[in-house]
Amino acid sequence: MNLYSLTLHEIRDKMRNGEISSKEVLDSVYKRIEEVEDKIGAYLTLTKDYAYEVAESIDRRRLKGEELGDLAGIPVAVKDNISTKGIKTTCASKMLENYVPPFDAHVIEKLKDAGAIIIGKTNLDEFAMGHSTENSAFKITKNPWDLERVPGGSSGGSAAAVAADEAYFSLGSDTGGSIRQPAAMCGIVGFKPTYGAVSRYGLVAFASSFDQIGPFAKDVEDCAIILNYLYGHDERDSTSLPAEYEDFKAALNKDIKGMKIGLPKEYFAEGIDPEIKDLVLNGVKVLENLGAHVEEISLPHTKYAVPVYYIITSAEAFSNLARFDGVRYGYRTKEYKDLEELYVNSRSEGFGKEVKFRILLGTYSLTSENYDYYHKRALKVRRLIRQEFDEAFNKYDVLISPSYPIVATKFGEQSENVSIAYMSDICTVPINIAGIPAMSIPCGFSKGLPVGMQIMSKAMGEAAIIKVAHAFERNTDYNKKKPSL
Amino acid sequence: MVEKNELLKMASIAKLKMTEEEAETIVKKFNVVLGTASLFNELDLEDVEPSYNINSVTNVMREDIPKESFEREIMLANAPEKLYGCIKVSKIIE
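Overview of the structure. (Residues numbered from 1 in each chain as written. Chains lettered and ligands numbered in written order. Predicted model: local features only at pLDDT ≥ 70, side-chain atom pairs only at ≥ 80, totals over all residues. Heavy atoms only, no water.)

So, the pairing of strand S4 (residues 169–174) of chain A
All names here are of chain A. Summarising burial for S4: 6 of the 6 residues are buried, a large majority. With burial as the criterion, each face of S4 is covered, one bearing Phe169, Leu171 and Ser173 and the other bearing Ser170, Gly172 and Asp174. Where strand S2 (residues 75–79) lies against S4, 3 bridges are found, and the strand directions are parallel. Pairing of Ala77 across the sheet is with Ser170, part of S4. For S4 and strand S6 (residues 212–217), the ladder comprises 6 bridges, and the chain directions are antiparallel. (Buried < 20%, exposed > 50% of the residue type's maximum accessible area, 1.4 Å probe, protein only. Helix = DSSP H or I, 4+ residues; strand = E, 2+ residues; numbered from the N terminus. Pairing = 2+ DSSP bridges.)

Here it is, written out as structure tokens:
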């Protein structure tokens, strides 16, 4: 058994009882990276020197008899749109190719305080805009289950790193499915928290009212452990919820007898791969056999979610990305006569195609003649979608759906077919629109490729998701399957 | 339907360069994505309040207490061009 293939909680226990040191764990994971990274391409930056420094200090503290938390000495990979002090944070964009943040994101401060070891920064679709990580300005990342296919996106590097055992866990960001979709495609657990539960301070903003940072994990127990460290109020994010959070580990190993599960029929409709539908329904059967009550329900506003998502997020991106002007930091063009040309040339040369596309969508929907038709109506429909979820959660503890309508696509397939890329968001974007939490958990394989089941709950209903997911995992073994690399 | 010329106008508002050919290649995708907004026509939105944020708490302000910020050198470390401890830009006044 290689150390790198263990879970976070297994490695934590081995370090706690003195079987292995943090340095040995790090040796194992960097050796694994050396072996498979050429094939996968999950990382944009490796931080080896820094990582060994931290590992040695953790080992020293442990030797002194200090009691350390769950994450002490655990190697973690971080999506490259989360600011890390002194470590390049590129957003996979030429615009930020050489940008080194002078500060840590809130979640990075928390991970460092907990003794987790940042081993590298992972690839993504430029500024987190995309579904396949193919929009990275620097490289593509391959799906560990099939090297001819995408890992999903936008957090494709973070998902592939965990699936290929190149990290024990990782951080991603989820604006419309960017954690859950790649988690599904790579066969691991991915979690999108309640909006406001995890501070966005230091996350390079794409769409501020949708973005949330969350984890990729090897199993549900690991996920619960990580959430404990990410959640919490932060005064530097004005949308951070001033709330206290329970210990999510308390939701593990619970009986789900009597829990109410709703299956929104719109998430199982036309456009969902029939094999995926069957695998998710088989998963639901497992839960039913454990005593959960299952009912089909209807969320009729689901069909409006994709336009709501693209209109509002593009408008927010238009505004957020206005800061990249070639003046204070980031890419500056070599060719300019005056300030106007400095702006235009820096932005045109620094941003990639998809980012420009989203900026243009946002520009269009925000002009005074289009605002009411597009933006204002989308803001209204967002409220209706949230209300519909609120009503459903008055009756049901969790809702279950496929995480994504299709399995991992081949390279190039999504850019050739607009409707595959955009319309496939139907299962993931409503969750961000409503600001609720959701997990993707492996529930089987279709043609050898992993499939994810999405479990959603009301805002702050994380414990119910963990309860159901952990019950599912204890009674299945999909999370134990590994790609052969 | 959005026309190619409108796209070019949007690009200039967003301070992006775009050739006619580039506009040509994305105008179809642009219309596919924006076209889905016509679905909203089925809904009666007259009395629905727009949602500017999604959780009940917005703009949670911290106490306004002054504190140390970054040193000048740290702030300037990422500036693409520097001069005399400042960020260098083109002359904007004739």
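Structure shown, so let's carry the discussion forward.
Describing unusual backbone geometry
Across the chain, the bulk of peptide bonds are trans and the bulk of non-glycine residues have phi less than zero. Residue and element names in this part refer to chain A. Backbone torsion omega between Gly153 and Ser154 reads 10°, so that peptide bond is classified as cis. Looking at the element boundaries, Ser154 is found in the loop between strand S3 (117–122) and helix H5 (156–163). With phi around 70°, Ala128 is a residue other than glycine that occupies positive phi space. As for its placement among the helices and strands, Ala128 is situated in the loop between S3 and H5. With a relative accessible area of 5%, Ala128 lands in the buried category. Residue Lys447 is not a glycine yet carries a positive backbone phi of 50°. Within the secondary structure layout, Lys447 lies in the loop between strand S10 (438–446) and strand S11 (449–456).

Some points on the side chain of Asp425 of chain A
Residue and element names in this part refer to chain A. With respect to the element layout, Asp425 can be found in the loop between helix H14 (418–423) and helix H15 (429–434). An unpaired buried charge is present at Asp425: no salt bridge exists, and Arg358, the closest side chain of opposite charge, is 6.3 Å distant. Of note is the side chain of Asp425, whose polar atom sits 2.5 Å from the side chain of Tyr310. Every residue in contact with Asp425, bar those within four places of it in the chain, is listed here: His131, Val306, Tyr310, Tyr404 and Pro430. (Lys, Arg positive; Asp, Glu negative; His and termini not counted. Salt bridge = Lys/Arg side-chain N within 4 Å of Asp/Glu carboxyl O. Polar contact = N/O pair within 3.5 Å; in protein donor to acceptor, adjacent residues only side chain to side chain. Contact = heavy atoms within 4.5 Å.)

A short note on the sheet that holds S11 of chain A
All names here are of chain A. One open sheet accounts for 11 strands, arranged S1-S3-S2-S4-S6-S5-S10-S11-S9-S7-S8; its pairing is mixed. The sheet is open, and its two edges are formed by strand S1 (43–46) and strand S8 (293–297), each paired on a single side. Neighbouring strand axes in the sheet, compared pairwise and without regard to direction, differ in orientation by 30° on average. Judged from the 3 bridges that link them, S1 and S3 form a sheet pairing that is antiparallel. The residue of S3 that forms the bridge with Tyr43 is Thr122. Contacts between helix H8 (residues 274–289) and the sheet are confined to strand S7 (260–264), S8, strand S9 (398–402), S10 and S11, with S11 contributing the most and set at about 55° to the helix. (Axes fitted to C-alpha atoms, helices over the stretch in contact; angles between N-to-C directions.)

Points about empty space enclosed by the protein
All names here are of chain A. Scanning all chains against the criterion turns up 3 cavities of 30 Å³ or more. For the largest cavity, the calculated volume is near 120 Å³. Around the largest cavity, the lining comprises 15 residues; the ones closest to its centre are Gly130, His131, Ser178, Tyr309 and Asp425. Its residues placed into classes, the lining of the largest cavity shows 5 nonpolar, 8 polar and 2 charged. (1 Å grid on protein atoms, 1.4 Å probe; cavity = no way out; pocket = protein on both sides within 12 Å on 5 of 7 lines; lining within 4 Å. Points joined across faces, edges and corners; volume = space filled by probe spheres on them. Nonpolar A, V, L, I, M, F, W, Y, C, P; charged D, E, K, R; others polar.)

Some remarks on the pairing of S8 of chain A
A regular strand places its side chains on the two faces of the sheet in alternate fashion. Residues and elements named next belong to chain A. Sheet topology note: the S7/S8 ladder contains 5 bridges and is parallel. The residue of S8 that forms the bridge with Lys260 is His293. The β-α-β motif built from S7, the intervening H8 and the parallel element S8 has right-handed crossover chirality. (Right-handed = clockwise from strand over helix to strand, strands pointing away.)

Considering the pattern of salt bridges
All names here are of chain A. Inspection of every chain in the model, using the stated rule, returns 34 salt bridges over all chains. For Lys447, the salt bridge identified is with Glu275, shortest N-O distance 3.6 Å. Highlighted residues: Lys447 in the loop between S10 and S11 and Glu275 in helix H8, separated in sequence by 172 residues. Lys447 gets classed as exposed once you look at its relative accessible area, which sits at 64%. The network of salt bridges with common partners includes Arg12, Asp13, Arg16, Asp70 and Lys249.

Description of the layout of surface pockets
Reported here for the second largest pocket is a volume of approximately 590 Å³. Residue lining of the second largest pocket: 24 residues in total, with Ser83, Tyr99, Phe103, Arg323 and Tyr329 of chain A positioned closest to the centre.

A word on the packing of aromatic side chains
All names here are of chain A. A full pass over the atoms with the stated rule returns 20 aromatic pairs over all chains. On the basis of an interplanar angle of 80° and a centroid distance of 6.0 Å, the ring pair of Phe324 and Tyr329 is categorised as edge-to-face. We classify Phe324 as buried; its relative accessible area is 3%. On the basis of relative accessibility, which here comes to 23%, the residue Tyr329 falls in the partly exposed class. With centroids separated by 6.2 Å and ring planes inclined at 25°, the aromatic side chains of Phe472 and Tyr478 adopt a geometry described as stacked. By relative accessible area, which is 25% here, Tyr478 ends up partly exposed. Each member of the aromatic cluster is reached from another via a ring pair, and the members are Tyr99, Phe127, Phe324, Tyr329 and Phe351. Between the NZ or CZ atom of Lys48 and the centre of the ring of Tyr30, over which it lies, the distance is 5.3 Å. (Phe/Tyr/Trp six-rings, centres within 6.5 Å; stacked < 30°, edge-to-face > 60°. Lys NZ or Arg CZ within 6 Å of the ring centre and 35° of its normal.)

Looking at a nonpolar patch on the surface
The grouping of Phe70, Ile74 and Met75 of chain B at the surface amounts to a nonpolar patch, some 270 Å² of accessible area in total. Along the chain, Met75 of chain B falls in helix H3 (residues 72–76). (Patch = residues over 30% accessible without salt bridge, like charges linked within 9 Å, V, L, I, M, F, W, Y side chains within 5 Å. Areas by Shrake-Rupley, 256 points an atom, 1.4 Å probe, with all protein chains shown as cover.)

Observations concerning the interface of chain A and chain B
Taken together, the contact pairs 70 residues of chain A with 53 residues of chain B. In this assembly, chain A packs against chain B so that about 5,500 Å² is buried in total across both faces, 67% of it on carbon and sulfur atoms. A per-residue breakdown of the area chain A buries against chain B is headed by Leu360, Tyr364 and Lys380 of chain A, which together make up 12% of the total. In this assembly, chain A and chain B are joined by 5 salt bridges. Note that Glu340 of chain A is salt-bridged to Lys15 of chain B, the shortest N-O span being 3.2 Å. If you look at where chain A meets chain B, you find 21 residue pairs in polar contact (both at pLDDT 80 or more). (Buried area = accessible area lost by both parts, 1.4 Å probe.)

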